[in-house]
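So you can see what is in the structure, the chains are spelled out below.
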Amino acid sequence: MSTTLSTPNSTLSAIEAALPIDPQPYTVGDRPTGLIVVDVVNGFCTVGFGVAAPREPNEQIATMVSQSNRLAKAFIARGMPILAFLDSHEPGKAEPPYPTHCEKGSGEEKLVPELEWLETHPQVTLIEKDCINGFIGSIDVETGNNTLIQWVNQHKHEALVVVGICTDICVMDLVVTMLSARNHDMLPRLKEIAVYTKGCATYDMTPEMVRSLGLPKTAIHPQKISHHIGLYTMAERGAFIASAIVL
Ligand SMILES: [Zn+2]
């Protein structure tokens, strides 16, 4: 069963018309800008690498990986910092409602091969997180320190460019929370968050897959529609939806 048949194009078109987004090129310019790469790890992106990974090559995910890598190289070349989130769980500790994924030591929690170079680059900050929302995952439970807020403020970022997976889950929760944090004056210099459409992807879970796995109906997750809804939600909360990132 081809996953591309799961969403009738007419349904996607109707949703795109009813909930429009209007992606525009985003120019970084000379403003201090950071790149945030969300969860581009094997467990979500590398074919066959665990329960949350694609089961077969997936165009949207492959494009997200290559575009994230391209942007990361461009940011590094301009001396701009990068923060990468790594979904990463203590073995055996669940993250409901999801099946066990990205356990430490499994390799699922590691950046995909194309992005492995970020692990040791001095301009890159890595944050392991054990929950969907990277803003929450950056909080040290004991001290209350937030590594993400510190990174943004320390670099005096006025803008952030966000890429990664999943558009409607980890990317969206991070972006909408960051917009609230900005409006709450927790990120005093931050003006704008741009989300790059081709730098984001989500997973596909067709009704057939849900049935064969014995999952509830609510696990159905059509990739293109879910991706669009994620972008739409971020747009309506005030994110800039970028058709291209101009550096
Ligand atoms: Zn997780």
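Bear in mind the structure is a predicted one, so any value in this text is a computation, not a measurement.

### What to know about the nonpolar core
Grouped burial of nonpolar side chains is what soluble globular proteins tend to show. The biggest cluster of nonpolar side chains holds 59 residues, and the ones touching the most others in it are Val-38, Val-162, Ile-165, Val-171, Val-175 and Val-195. In terms of residues, this core owes the most to one element, helix α6 (residues 167-183), which gives 7 residues. Other than its neighbours up to four places away in sequence, Val-162 contacts Ile-36, Val-38, Val-171, Leu-174, Val-175, Ile-193 and Val-195.

### Here we look at the pairing of strand β6 (residues 192-201)
In terms of burial, β6 is largely enclosed, as 8 of its 10 residues are buried. Where strand β5 (residues 159-165) and β6 come together, 6 bridges link them in parallel fashion. Its bridge partner being in β6, Ile-165 is matched across the sheet by Ala-201. You can see the chain leave β5, run along α6 and come back into β6, and the turn it takes is right-handed.

### A few points about the packing of α6 against helix α8 (residues 223-236)
For any two helices packed against each other, one specifies the inter-axial angle together with the distance between the axes. Two elements in contact, α6 and α8, have axes whose closest approach is 9 Å; the angle formed by their N-to-C orientations is 5 degrees. Relative to α8, the element α6 is oriented roughly parallel. Only Ser-226, His-227, Ile-229, Gly-230, Leu-231, Thr-233 and Met-234 of α8 make contact with α6, whose side of the interface consists of Thr-167, Asp-168, Val-171, Met-172, Val-175 and Val-176. Here the contact of α6 with α8 is composed, by residue class, of 7 nonpolar, 5 polar and 1 charged.

### Thoughts on the sheet that holds strand β1 (residues 24-27)
Sheets are built from strands that pair by backbone hydrogen bonding, the pairs being arranged parallel or antiparallel. Spatially, the 7 strands line up as an open sheet ordered β1-β7-β6-β5-β2-β3-β4, and their pairing is parallel. In the strand order of this sheet, the two ends are held by β1 and β4 (124-129), each with one partner. Recorded for the sheet is a direction-independent mean angle of 35 degrees between the axes of neighbouring strands. Looking at chain direction, strand β2 (residues 33-38) and strand β3 (residues 82-87) are connected through 4 bridges and run parallel. Of the residues in β3, the one forming a bridge with Val-38 is Phe-85. α8 rests against β6 and β7 (240-246) of the sheet, and its axis sits at about 175 degrees to β6.

About the thresholds
- Residues numbered from 1 in each chain as written.
- Predicted model: local features only at pLDDT ≥ 70, side-chain atom pairs only at ≥ 80, totals over all residues.
- Core = buried A, V, L, I, M, F, W, Y, C linked by C-beta atoms within 7 Å.
- Buried ≥ 20, exposed ≤ 12 C-beta atoms within 10 Å, placed from the backbone.
- Helix = DSSP H or I, 4+ residues; strand = E, 2+ residues; numbered from the N terminus.
- Contact = placed C-beta atoms within 7 Å.
- Pairing = 2+ DSSP bridges.
- Right-handed = clockwise from strand over helix to strand, strands pointing away.
- Axes fitted to C-alpha atoms, helices over the stretch in contact; angles between N-to-C directions.
- Parallel < 35°, antiparallel > 145°, perpendicular 65-115°, else oblique.
- Nonpolar A, V, L, I, M, F, W, Y, C, P; charged D, E, K, R; others polar.

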